[in-house]
There are 2 protein chains.
Amino acid sequence: METSKTAPMPTIRRLPAYLRLLIEYNRAGLEWISTTAIAAELDLKPIQVRKDMSFTGIIGKPRKGFEVKESISAIESFLGWQRESKAVLAGCGALGSALLGYRGFTHQGLKIQAAFDQSREVIGKTIHGIPVLDIADLKKYVIENIVTVGIITVPEQFGQQVADIMVDSGITGLWNFSPVKLKVPSNITVQNEDLSSGLAVLSVRLGENQNNEL
Amino acid sequence: METSKTAPMPTIRRLPAYLRLLIEYNRAGLEWISTTAIAAELDLKPIQVRKDMSFTGIIGKPRKGFEVKESISAIESFLGWQRESKAVLAGCGALGSALLGYRGFTHQGLKIQAAFDQSREVIGKTIHGIPVLDIADLKKYVIENIVTVGIITVPEQFGQQVADIMVDSGITGLWNFSPVKLKVPSNITVQNEDLSSGLAVLSVRLGENQNNEL
């Protein structure tokens, strides 16, 4: 319904940083934040800030900038972080365990309800307070608990298999940390987190900077 | 010197996926890979594949596509993954420990030599074979070992402080996993990995898909 939903990917990726800054301002008791303050803090051009903010439906006031509380609500609402999505995580290795311990998700509308693994060594335990269940029970659990998000932190060779089970169970959003390119139906949303991509950007830019110095 | 170095960010981010696919083909004993096979596998348009590959200096042959071994070398060389960068990691919490256990980095030119923390509980131990040292000794270590990359996995409130120490020690590339926007001199390369950004994209797209179904 809202055409504003078609915000470009870089805008969406930046909004959590806006949100963090606004929450800091709010904690400090400040009611307004100027466009130039946001721009300086996040290393952006002021025009970009105004554009990004406009996608959330917020328009700044001349000389005052953005009203802090109103902007927080607008961004949270735009990101859908006011409603809670239930999630399960598959793969309780080092990365999976790290994600289970990350407290930020609850402020971001994501509630990891259960974790799944195939190893007898972890099944039945809890990690950071979240129960680890047998991966064979994933489908049953997802259906019974109306889970919408599946987090995939299994080794590469199991990524597709786990994604298939999740999709088959009715999960519509996959957050994929395994370095496999998942094949899923077109109605499924996949967000890939690939450490190699970040490392590639770092390597290339590091190389560029070194060349510039020569 | 090479103008091809100015590849767009999305191209750089995609190259590790090309590399993984090519390595698979190589393992399977295949000498050529067609543009359409890459495109289908990575969910890209063939023209995009040809463009991405051209930045690495590789041009496909009609009807045959890309020579697998040659393409692997070209991408690894473009990403600088053939030379080794020495890295240190600061912050041995859940995420830091997970990264220390990630074996992929060695194939990607990154060698994490040591980890640093301020907690007496972990200093002196090893995590996944990597020694954990006192963060007070970080500067000395970096200078003595000519470390170029610093990985930051400390809590948000310590992010800037750790970055300052790293930059002051001569590190020129920061891989920042803390959700703080680092302020660094312009000759320093920063690659931010922000889980919130990925989650934001997932949430918004999940919301869009659900709206489309209504």
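Residues numbered from 1 in each chain as written. Chains lettered and ligands numbered in written order. Predicted model: local features only at pLDDT ≥ 70, side-chain atom pairs only at ≥ 80, totals over all residues. Heavy atoms only, no water.

Asks: Describe the relation of the copies chain A and chain B, and please don't skip the residues or the numbers.
Replies: Turning chain A through 180° and shifting it by 0.0 Å along the axis lays it on chain B, with an RMSD of 0.0 Å. Both copies of the chain, as the preceding transformation shows, are related through a two-fold rotation axis. The share of interface residues of chain A whose copies in chain B are also at the interface is 98%, consistent with both copies meeting through the same surface. (Least-squares fit on C-alpha atoms with pLDDT ≥ 70 in both. Contact = heavy atoms within 4.5 Å.)

Asks: Residue-level account of the sheet that holds strand β9 (residues 189–192) of chain A, with values.
Replies: All names here are of chain A. Judged by pairing direction, the sheet is mixed, and its seven strands sit side by side in the order β5-β6-β4-β3-β7-β8-β9 without closing on themselves. A single partner strand is all that each edge strand has here, and the edge strands are β5 (126–127) and β9. As paired strands, strand β3 (residues 85–90) and strand β4 (residues 110–117) are joined by six bridges and run parallel to one another. Considered in β4, the bridge of K86 is made with K111. Here helix α7 (residues 159–169) sits on the sheet and contacts β3, β7 (149–152) and β8 (173–176); the angle it forms with β7, its principal contact strand, is near 170°. (Pairing = 2+ DSSP bridges. Helix = DSSP H or I, 4+ residues; strand = E, 2+ residues; numbered from the N terminus. Axes fitted to C-alpha atoms, helices over the stretch in contact; angles between N-to-C directions.)

Asks: How would you summarise the packing of helix α2 (residues 35–42) of chain B against helix α3 (residues 46–54) of chain B if you had to cite specific residues and measurements?
Replies: All names here are of chain B. Close contact between α2 and α3 brings their axes to 8 Å; oriented N to C, the two are set at 105°. On the basis of the axis angle, α2 is roughly perpendicular to α3. Contacts between α2 and α3 involve T35, T36, I38 and A39 from the former and P46, V49 and R50 from the latter. Of the residues in the contact of α2 with α3, the class split is four nonpolar, two polar and one charged. (Parallel < 35°, antiparallel > 145°, perpendicular 65-115°, else oblique. Nonpolar A, V, L, I, M, F, W, Y, C, P; charged D, E, K, R; others polar.)

Asks: Report on the interface of chain A and chain B, specifying residues and quantitative values.
Replies: Every contact between the two is made by 56 residues of chain A and, on the other side, 55 residues of chain B. Overall, the association of chain A and chain B removes approximately 5200 Å² of surface from exposure, summing both partners, and the carbon and sulfur fraction of that is 61%. It is L195, L199 and L202 of chain A that lose the most area in chain A upon contact with chain B, and together they represent 12% of the buried surface on that side. Across the contact surface, chain A and chain B share 20 residue pairs in polar contact (both at pLDDT 80 or more). Contributing elements (two or more residues each) for the side of chain A that touches chain B: α1 (9–27), α2 (35–42), α4 (68–79), α5 (94–100), β8, β9 and α8 (195–213) of chain A. At 18 residues, the largest contribution of residues to the side of chain A that touches chain B is made by α8 of chain A. (Buried area = accessible area lost by both parts, 1.4 Å probe. Polar contact = N/O pair within 3.5 Å; in protein donor to acceptor, adjacent residues only side chain to side chain.)

Asks: Tell me what's going on with helix α6 (residues 138–145) of chain B, and back it up with residues and numbers.
Replies: In an α-helix, one turn spans 3.6 residues, which is why side chains three or four residues apart end up on the same side. Residues and elements named next belong to chain B. If you check which residues of α6 are buried, you get L138, Y141 and V142. The buried side chains of α6 occupy one side of the element, clustering within an arc of 95° when seen end-on. For α6, exposure combined with an orientation more than 90 degrees from the buried face picks out K140 and E144. Contacts made by the buried residues of α6 are with β3 (85–90), β4 (110–117), β6 (130–134) and α7 (159–169). Immediately downstream of α6, the backbone of I146 shows phi near 50°, a positive value. (Buried < 20%, exposed > 50% of the residue type's maximum accessible area, 1.4 Å probe, protein only. Arc of directions from axis to C-beta.)

Asks: I'd like a description of the environment of H128 of chain A, backed by residues and values.
Replies: Residues and elements named next belong to chain A. Residue position: H128 is located in the loop between β5 and β6 (130–134). Relative accessible area serves as the criterion here: at 44%, H128 is assigned to the partly exposed category. Separated by 25 residues in the primary sequence, H128 and R103 have C-alpha atoms spaced 9.7 Å apart.

Asks: Summarise helix α1 (residues 9–27) of chain B; cite the residues concerned and give the values.
Replies: Residues and elements named next belong to chain B. Between its first and last C-alpha atoms α1 spans 28 Å; for 19 residues at 1.5 Å apiece the expected length is 27 Å, and the two agree. The largest bend in α1 amounts to roughly 30° and is located at L15, with the proline P16 lying one to four residues further along. Considered for burial, the residues of α1 that qualify are T11, I12, L15, P16, Y18, L19, R20, L21, L22 and Y25. Just past α1, the residue G29 takes up positive phi, approximately 80°. (Expected span 1.5 Å × (residues − 1). Bend = angle between axes of the 7 residues up to and from the residue.)

Asks: Break down the packing of aromatic side chains for me, with residues and values.
Replies: Inspection of the entire model under this criterion finds eight aromatic pairs over all chains. Members of the aromatic cluster, each reached through a chain of ring pairs, are Y102, F105, W175 and F177 of chain A. (Phe/Tyr/Trp six-rings, centres within 6.5 Å; stacked < 30°, edge-to-face > 60°.)

Asks: Let's hear about the pattern of salt bridges: which residues, and what values?
Replies: Residues and elements named next belong to chain A. According to the stated counting rule, one finds twelve salt bridges over all chains in the structure shown. The residue R120 makes a salt bridge to D134 at a minimum N-O spacing of 3.1 Å. Placement of R120 in the loop between β4 and β5 and of D134 in strand β6 is noted, with a sequence separation of 14 residues between them. Accessibility expressed as a relative area gives 64% for R120, which makes it exposed. Residue class for D134 comes out buried when judged on its relative accessible area of 17%. Close ionic contact of D168 with K139 constitutes a salt bridge, the shortest N to O distance being 2.9 Å. Here the residue D168 occupies a position in helix α7, and K139 occupies one in helix α6 (residues 138–145), the gap between them amounting to 29 residues. With relative accessibility at 51%, the residue D168 sits in the exposed group. Judged by relative accessible area, K139 falls into the partly exposed class, the value being 35%. (Salt bridge = Lys/Arg side-chain N within 4 Å of Asp/Glu carboxyl O.)

Asks: Please provide a residue-by-residue account of the sheet that holds strand β9 (residues 189–192) of chain B, values included.
Replies: Residues and elements named next belong to chain B. Read across the sheet, seven strands follow the order β5-β6-β4-β3-β7-β8-β9 without closing on themselves; strand pairing throughout is mixed. Sheet topology places β5 (126–127) and β9 at the edges, where each strand pairs with a single neighbour. Here β5 runs beside β6; their pairing, made up of two bridges, is antiparallel. The partner of I127 across the bridge, within β6, is I130. Against the sheet, α6 engages β3, β4 and β6, with an angle of about 160° to β4. Against the sheet, α7 makes contact with β3, β7 (149–152) and β8 (173–176), and its axis sits at roughly 170° relative to β7, the strand it touches most.

Asks: Give me the packing of α1 of chain A against helix α3 (residues 46–55) of chain A: which residues, what numbers.
Replies: For any two helices packed against each other, one specifies the inter-axial angle together with the distance between the axes. Residue and element names in this part refer to chain A. Where α1 contacts α3, the axes come no closer than 10 Å and their chain directions differ by 95°. Classified by the angle between their axes, α1 and α3 sit roughly perpendicular to one another. On the side of α1, the interface is formed by T11, R14, L15 and Y18, while α3 contributes Q48, V49, D52, M53 and F55. Residues belonging to the contact of α1 with α3 are distributed by class as follows: five nonpolar, two polar and two charged.

Spatial relationships are all this shows, so hold off on functional conclusions.
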